[in-house]
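Summary of the model geometry
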Amino acid sequence: MPRHTAEELAAANGRTLADVIAPDLDVLFCGINPGLLSALTGHHFARPGNRFWPALHRSGFTPRQLAPSEQDQLIGLGLGITNVVARATAGAAELRPEEYRTGGEALRAKVAEFRPRWLAVVGIGAYRVAFDAPKAVMGRQERELGATGLWVLPNPSGLNAHYNVDTLAAAYAELREVVRGPDPAAA
């Protein structure tokens, strides 16, 4: 990955990132918001320390570990990526609660338009605010958005010290089993 200057990264603050989305996906993964490197490169979960791509592969969603630059290959696997909040920041701590709520409304509209089977929000705090569900826990949620099921996964950021790649992969694999059944490679 090429090195970017602090000035280049700072210039990405506030930018948005295109969704990786198509109608009728199995799972639409939903990050909190793009980081500066993601906004600069145009690739979701682009920071090298982010564990989304390794967890996605180790959970059985992808046949190999994709690089962020290969994100468009997800569509062929029935997967996509969006964010609760569209604007890029250096960290989620810069976001305001009303941005999460507005993002939740935008997600509802996106789900109504694209009809994924599952919306998987990767971050419990973002889910709780965006969906006004302060007592939500990880995993499958009781509520649905029309015919779309809701699932909350751990945030794959390297800043989330409660999970390592293996425990993230195990959490993601729970969703994959509901979506696709047991992983034959794990047998």
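For every chain, the first residue of the written sequence is number 1, and numbering continues from 1 onward in sequence order. The predicted origin of the model limits local features to residues at a pLDDT of at least 70 and limits the giving and counting of side-chain atom pairs to 80 or more, whereas totals for whole chains, interfaces and linings rest on all residues. Side-chain metrics rest on all non-hydrogen atoms present in the structure, leaving aside hydrogens and water.

Right, let's get into the pairing of strand β1 (residues 27-31). The element β1 is largely enclosed, with a buried count of 5 among its 5 residues. Pairing between strands requires that DSSP locate at least two bridges from one strand to the other. Secondary structure follows DSSP: runs of H or I at least 4 residues long count as helices, runs of E at least 2 residues long count as strands, and numbering of each begins at the N terminus. Pairing of β1 with strand β3 (residues 118-122), which is carried by 4 bridges, proceeds in the parallel orientation. In the sheet register, V27 faces β3, and the bridge partner there is W118. Only protein chains enter the calculation, and the probe is 1.4 Å; a residue is then buried if its accessible area is under 20% of its type maximum, exposed if over 50%, and partly exposed in between.

On to the sheet that holds β1, then. With respect to topology, 5 strands assemble into an open sheet ordered β2-β1-β3-β5-β4, the strand pairing being mixed. A single partner strand is all that each edge strand has here, and the edge strands are β2 (79-83) and β4 (139-145). Each strand of the sheet is rotated relative to its neighbour by a mean of 25°, with strand direction disregarded. Of the strand pairs in this sheet, β4 and strand β5 (residues 148-153) are connected by 4 bridges, and their pairing is antiparallel. Following the sheet pairing, G139 is matched in β5 by V152. Packed on one face of the sheet, helix α6 (residues 165-180) meets β1, β2, β3, β4 and β5 and runs near 160° to β5. Working convention: axes come from line fits to C-alpha atoms, limited for helices to the stretch in contact. Angles between N-to-C directions cover 0 to 180 degrees. Contacts are residue-level and defined by heavy atoms, with any inter-residue pair within 4.5 Å sufficient.

Attention shifts here to the pairing of β5. In terms of burial, β5 is largely enclosed, as 6 of its 6 residues are buried. Going residue by residue along β5, you find T148, L150 and V152 tucked away on one face and G149, W151 and L153 tucked away on the opposite face as well. Of the strand pairs in this sheet, β3 and β5 are connected by 5 bridges, and their pairing is parallel. Residue pairing in the sheet places V121 in a bridge with V152 of β5.

Further remarks concern the environment of V165. You can see V165 is positioned in helix α6. Separated by 103 residues in sequence, V165 and T62 have C-alpha atoms that sit 15 Å apart. Leave out the neighbours within four places in its chain, and V165 touches R51, P54, A55 and R58.

Fair warning: the whole summary comes from geometry, so function is off the table for now.
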